[in-house]
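Results of the structural survey
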Amino acid sequence: MSRSRKNLLDGTATFAVGLVLWLFTGGVEVPVVTLTKAGLVMMCVGAVLVTTGLYQAARTSPGAGRG
């Protein structure tokens, strides 16, 4: 599996888990962290991973930069 594909899959999974946490854990009390804020952070990290994967895929695709 190429690095760009791995980043895309990891980013998508991280974003999805973060979205679930952000949407559905509003009333859950945890002593250390707020789960909605943890979900928001996970969504940001997932978005960065997806962006990195897309950038890597564009850089390694044949014919990239020709025009």
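The following refers to the structure shown. Only a predicted model underlies this, so the values are computations on that prediction, with no experimental measurement involved.

What to know about the overall build of the protein chain
Secondary structure summary: the protein chain contains two helices and zero strands in total. Here the protein chain has a C-alpha radius of gyration of 16 Å; the compact-globule value for 67 residues is 11 Å, and the former is much larger. Over its C-alpha atoms, taken along the principal directions, the protein chain stretches across nearly 55 × 25 × 15 Å. Looking at the 67 residues of the protein chain, the share that counts as buried comes to 16%. Excluding contacts between residues fewer than 6 apart, the proportion of contacts in the protein chain whose partners are at least 24 apart in sequence is 66%. Carbon and sulfur atoms form 67% of the exposed surface of the protein chain, whose accessible area is close to 5100 Å².

Examining a nonpolar patch on the surface
Taken together, F15, L19, V20, W22, L23, F24 and L40 make up a surface patch of nonpolar side chains, about 680 Å² in accessible area. A total of six residues in the nonpolar patch trace back to one element, the largest contributor, which is helix α1 (residues 3-24). Its location among the elements puts F24 in helix α1.

Considerations on the pattern of salt bridges
Evaluation of the coordinates by the stated rule reveals one salt bridge. With its nearest N and O atoms 2.8 Å apart, the salt bridge here joins D10 to K6. Of this pair, D10 and K6 both sit in helix α1, four residues apart, which is roughly one turn of that helix. A relative accessible area of 43% places K6 in the partly exposed class.

Describing helix α2 (residues 35-60)
Taking 1.5 Å per residue, 26 residues should reach 38 Å; α2 reaches 37 Å between its end C-alpha atoms and fits that length. Those residues of α2 that sit buried are L35, G39, M43, G46, G53 and Q56. The inward-facing, buried residues of α2 abut α1.

Some words on α1
Side chains that are three or four residues apart share a direction in an α-helix, a result of its 3.6 residues per turn. With 22 residues, α1 extends 32 Å from end C-alpha to end C-alpha; this agrees with the ideal 32 Å at 1.5 Å per step. Structurally, α1 contributes buried residues whose contacts are with α2.

A few points about the packing of α1 against α2
With their axes 7 Å apart at the nearest point, α1 and α2 run at an angle of 160° to one another. When the axis of α1 is compared with that of α2, the two are roughly antiparallel. When the axes of α1 and α2 are compared, the crossing they make is left-handed. In terms of residue class, the contact of α1 with α2 is built from 16 nonpolar, twelve polar and two charged.

Side note on the side chain of N7
Topologically, N7 is positioned in helix α1. Residues in contact with N7, not counting those within four places in the same chain, are L49, V50, T52, G53 and Q56.

Thresholds applied
- Residues numbered from 1 in each chain as written.
- Predicted model: local features only at pLDDT ≥ 70, side-chain atom pairs only at ≥ 80, totals over all residues.
- Heavy atoms only, no water.
- Helix = DSSP H or I, 4+ residues; strand = E, 2+ residues; numbered from the N terminus.
- Rg over C-alpha atoms; globule rule 2.2 N^0.38 Å.
- Buried < 20%, exposed > 50% of the residue type's maximum accessible area, 1.4 Å probe, protein only.
- Contact = heavy atoms within 4.5 Å.
- Areas by Shrake-Rupley, 256 points an atom, 1.4 Å probe, with all protein chains shown as cover.
- Patch = residues over 30% accessible without salt bridge, like charges linked within 9 Å, V, L, I, M, F, W, Y side chains within 5 Å.
- Salt bridge = Lys/Arg side-chain N within 4 Å of Asp/Glu carboxyl O.
- Expected span 1.5 Å × (residues − 1).
- Axes fitted to C-alpha atoms, helices over the stretch in contact; angles between N-to-C directions.
- Parallel < 35°, antiparallel > 145°, perpendicular 65-115°, else oblique.
- Left-handed = near helix turned anticlockwise from the far one by under 90°.
- Nonpolar A, V, L, I, M, F, W, Y, C, P; charged D, E, K, R; others polar.

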